[in-house]
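Descriptive structure summary
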Amino acid sequence: MIRSRTLRTSLLAIFSIAATTTASRGEESNDDSMVWLREETKRQIDGSRVQSNSGIWIQTPDGVGHYKALWVRDFYYQYQYAGEFLDEAECKAAMEYLFDGQREDGCMPDRVRADGVAVYSPGGLNDPMADHAVDNGPFMAMLVCEYVRRTKDLDFFNSVEDKLKKGMDFIHRSEKGMVYNSPDDPQCVYGFTDIVTKTGNLLFSSLLYLKSCEDLAACCEMSEVGNPDEYRRRADLIRKNLPTLWNDETGMFWAADKDCKQLDIWGSAYAIDVGVTTDKQRDRIVDYLIKHEDDIVQRGQIRHLPGQEVWQRLFRDNYPPGTYQNGAYWATPLAWIIPAVAQKNPETAWKWLRDAIKDSRDNGMAECINGSDRKVPNFVVSATNLHYAGRWLEEYAPEPTK
């Protein structure tokens, strides 16, 4: 059985030839829903393009340009999963725009507004939830490395490698090498759970750190700058100690080992995508996802936690159970959950994909849903990540002929 990380690398080779290459299997397919998904993804990305006060074009999180800021993690997902719809020169300028917002201590911004103001924590500029979020350094590194893989622009990497290293060094890690969030002074964690006060050694944030270190090591070798061995050492240390978060009783990973020591649906599947699970762990995670479909899936979209469970600690108490990151269902993780499930049960993967497309087509591309409640219409990452999941299935697990 081929690992998802290997498959993702193969896809990047296929779809990162040039920005002008926009043909895909979806365009050639007679499948109306897949054609719709491709066109909708392009429409959302085009609609999110906003010009900053300095003239730089930035990608906002929503397809109508309402938010007027460039978020690091959203931009990464857009570029990683639907980069064929983006202009490479504009992306490079947008990355430089983000670097302009890096703090002196190395902290990468959470976002940079259209007026050039850098914001370091989720929440409002004058009402932040913390000092910073721990995922922006790794997301920025992965974004730049993805750009370098696509364009071979080693001069750009050479010019920013020291800034990326400073951003990675800023992130607090434990002696286990894992990203660590102090219970006494917690920072925001992975951005799609940024209202959640996970503390101790963190699963998702550590996976992002590991992957970004591997990406940086590869780019350092390509460009002959930086220290690839140091990045590999950091990645290997995380890989060695991630099993401390494994819950063998359920066959899933804990989200953290102090506050919010709860089963992490998104993070467990992402561990497969990053390539850190054993074959047995991978199979148990996929079995769990399929077995608990009724608890974690709604119209093809995925909860963070199983059943009706909600997070044990939040930064703010204005997110009732079943809402937003505290119990709603999202399309974001389908980019790595669909490939994971498809390796063992393609029929279930296609069902979830079809259900998510139908919901988005009938009701709009939402950030998250629960019943009739829908949050943030025209959410670009829902489109890009769903688009990638569909593209992956068409390429590697074609739908059985009915």
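Look above for the structure.
This is a predicted model, so every value here is computed, not measured. (Residues numbered from 1 in each chain as written. Predicted model: local features only at pLDDT ≥ 70, side-chain atom pairs only at ≥ 80, totals over all residues. Heavy atoms only, no water.)

**So, the packing of helix α11 (residues 279–291) against helix α13 (residues 334–342)**
Selection criterion: Axes here mean lines fitted to C-alpha atoms, for a helix over just the part in contact, with angles spanning 0 to 180 degrees between N-to-C directions. Helix numbering and strand numbering both begin at the N terminus, where a helix is a DSSP run of H or I of at least 4 residues and a strand a DSSP run of E of at least 2. Every angle not falling under 35 degrees, over 145, or within 65 to 115 is termed oblique; those three ranges are roughly parallel, roughly antiparallel and roughly perpendicular. In this analysis, two residues are considered to be in contact whenever any of their non-hydrogen atoms come within 4.5 Å of each other. In this classification, the charged set is Asp, Glu, Lys and Arg, the nonpolar set is Ala, Val, Leu, Ile, Met, Phe, Trp, Tyr, Cys and Pro, and all remaining amino acids, among them Gly, are polar.
Running from N to C, α11 and α13 cross one another at 105°; their axes reach a closest spacing of 9 Å. Taken together, the axes of α11 and α13 are roughly perpendicular relative to one another. Residues Val286, Leu289 and Ile290 of α11 touch α13, and the partners they reach there are Ile337, Ala340 and Val341. Residues belonging to the contact of α11 with α13 are distributed by class as follows: 6 nonpolar, no polar and no charged.

**What about the packing of helix α5 (residues 88–99) against helix α6 (residues 136–151)?**
To keep things clear, this is the line we draw: We call a crossing left-handed when the near helix sits turned anticlockwise from the far one by less than a right angle, and right-handed when that turn is clockwise.
Put simply, α5 and α6 touch, their axes get as near as 11 Å, and they point 155° apart. When the interaxial angle is binned, α5 and α6 end up roughly antiparallel. The handedness of the crossing between α5 and α6 is left-handed. Contacts between α5 and α6 involve Glu88, Lys92, Met95, Leu98 and Phe99 from the first element and Met140, Leu143, Val144, Tyr147, Arg150 and Thr151 from the second. Considered class by class, the residues forming the contact of α5 with α6 number 7 nonpolar, 1 polar and 3 charged.

**A word on the nonpolar core**
Rules: For this analysis, a nonpolar core means a set of buried residues of the types Ala, Val, Leu, Ile, Met, Phe, Trp, Tyr and Cys, connected via side-chain atoms within 4.5 Å. Residue exposure (1.4 Å probe, protein chains only): buried if accessible area is under 20% of the type maximum, exposed if over 50%, otherwise partly exposed.
With 127 residues, the main nonpolar core has Met140, Val144, Leu289 and Trp336 as its most contacted residues. The leading source of residues in this core is helix α8 (residues 203–223), at 11 residues. Excluding its chain neighbours within four sequence positions, the residues that come into contact with valine 144 are Met95, Phe99, Phe156, Phe157, Val160 and Leu164.

**Re the pattern of salt bridges**
For clarity, the threshold we go by: By definition, a salt bridge exists where a carboxyl oxygen of Asp or Glu is found within 4 Å of a side-chain nitrogen of Lys or Arg.
This model, assessed by the stated rule, comprises 37 salt bridges. In this structure, arginine 234 engages glutamate 230 in a salt bridge whose closest nitrogen and oxygen atoms are separated by 2.8 Å. Of this pair, arginine 234 and glutamate 230 both sit in helix α9 (residues 228–241), separated by 4 residues, roughly a single helical turn. Among the residues examined, arginine 234 registers a relative accessible area of 6% and is labelled buried. One salt bridge connects glutamate 399 with arginine 354, and the closest N-O pair in it is separated by 2.5 Å. With glutamate 399 in the segment after α15 (380–396) and arginine 354 in helix α14 (residues 346–363), this pair connects stretches of sequence that are 45 residues apart. Judged by relative accessible area, which is 27%, glutamate 399 ranks as partly exposed. According to the relative accessible area criterion, arginine 354 is partly exposed, its value standing at 23%. Each of Glu146, Arg149, Arg150, Lys211 and Asp215 takes part in salt bridges that share partners, so that together they form one network.

**Description of the side chain of glutamine 301**
Selection rule: Any N or O atom pair separated by 3.5 Å or less is treated as a polar contact, with the protein-specific requirement of one donor-capable and one acceptor-capable atom, and with residues adjacent in sequence counted only for side-chain atom pairs.
Here glutamine 301 is to be found in strand β13 (residues 301–302). With a relative accessible area of 2%, glutamine 301 lands in the buried category. For glutamine 301, the side chain forms a polar contact with the main-chain oxygen of arginine 299, separated by 3.1 Å. Polar contacts involving the side chain of glutamine 301 include one to the side chain of aspartate 359, which spans 3.1 Å. Not counting residues up to four positions away in its chain, the partners in contact with glutamine 301 are Ile296, Tyr329, Trp330, Ala331, Ala356, Asp359 and Ile369.

**What to know about helix α7 (residues 154–170)**
Applied cut-off: Expected helix span is computed as 1.5 Å times (number of residues minus one). The quantity called bend is, for any residue, the angle between two axes fitted respectively to the seven residues ending at it and the seven beginning at it.
With 17 residues, α7 should reach 24 Å at 1.5 Å per residue; the first-to-last C-alpha distance of 24 Å fits that figure. At valine 160, α7 shows its largest bend, some 50°. Where α7 is concerned, the buried positions are Phe156, Phe157, Val160, Glu161, Leu164, Gly167 and Met168. Residues of α7 that are buried in the fold lie against α5, α6, α8 and α9.

**Side note on the sheet that holds strand β4 (residues 111–113)**
To be explicit about the condition: DSSP bridges decide pairing: two strands pair if at least two such bridges lie between them.
One open sheet accounts for 3 strands, arranged β3-β4-β5; its pairing is antiparallel. Two strands in the sheet have a free side with no partner beyond their single neighbour: β3 (69–71) and β5 (118–119). Across 2 bridges, the pairing between β4 and β5 is antiparallel. In the sheet register, valine 112 faces β5, and the bridge partner there is alanine 118.

**A short note on the state of the cysteines**
The criterion, for reference: By disulfide we mean two sulfur atoms from cysteines, separated by a distance within 2.5 Å.
Here the structure, examined in full by the defined rule, presents 0 disulfides. Cysteine cysteine 188 remains unbridged, with the sulfur of cysteine 107 as its closest cysteine sulfur at 11 Å. Note on cysteine 368: no disulfide assigned, nearest cysteine sulfur contributed by cysteine 188 at a separation of 17 Å. When its relative accessible area of 3% is taken as the criterion, cysteine 368 is described as buried.

**What to know about α9**
Its 14 residues place the ends of α9 20 Å apart at the C-alpha level, agreeing with the 20 Å of an ideal helix rising 1.5 Å per residue. Those residues of α9 that sit buried are Pro228, Glu230, Tyr231, Arg234, Ala235, Ile238 and Asn241. Buried residues belonging to α9 abut α7 and α8.

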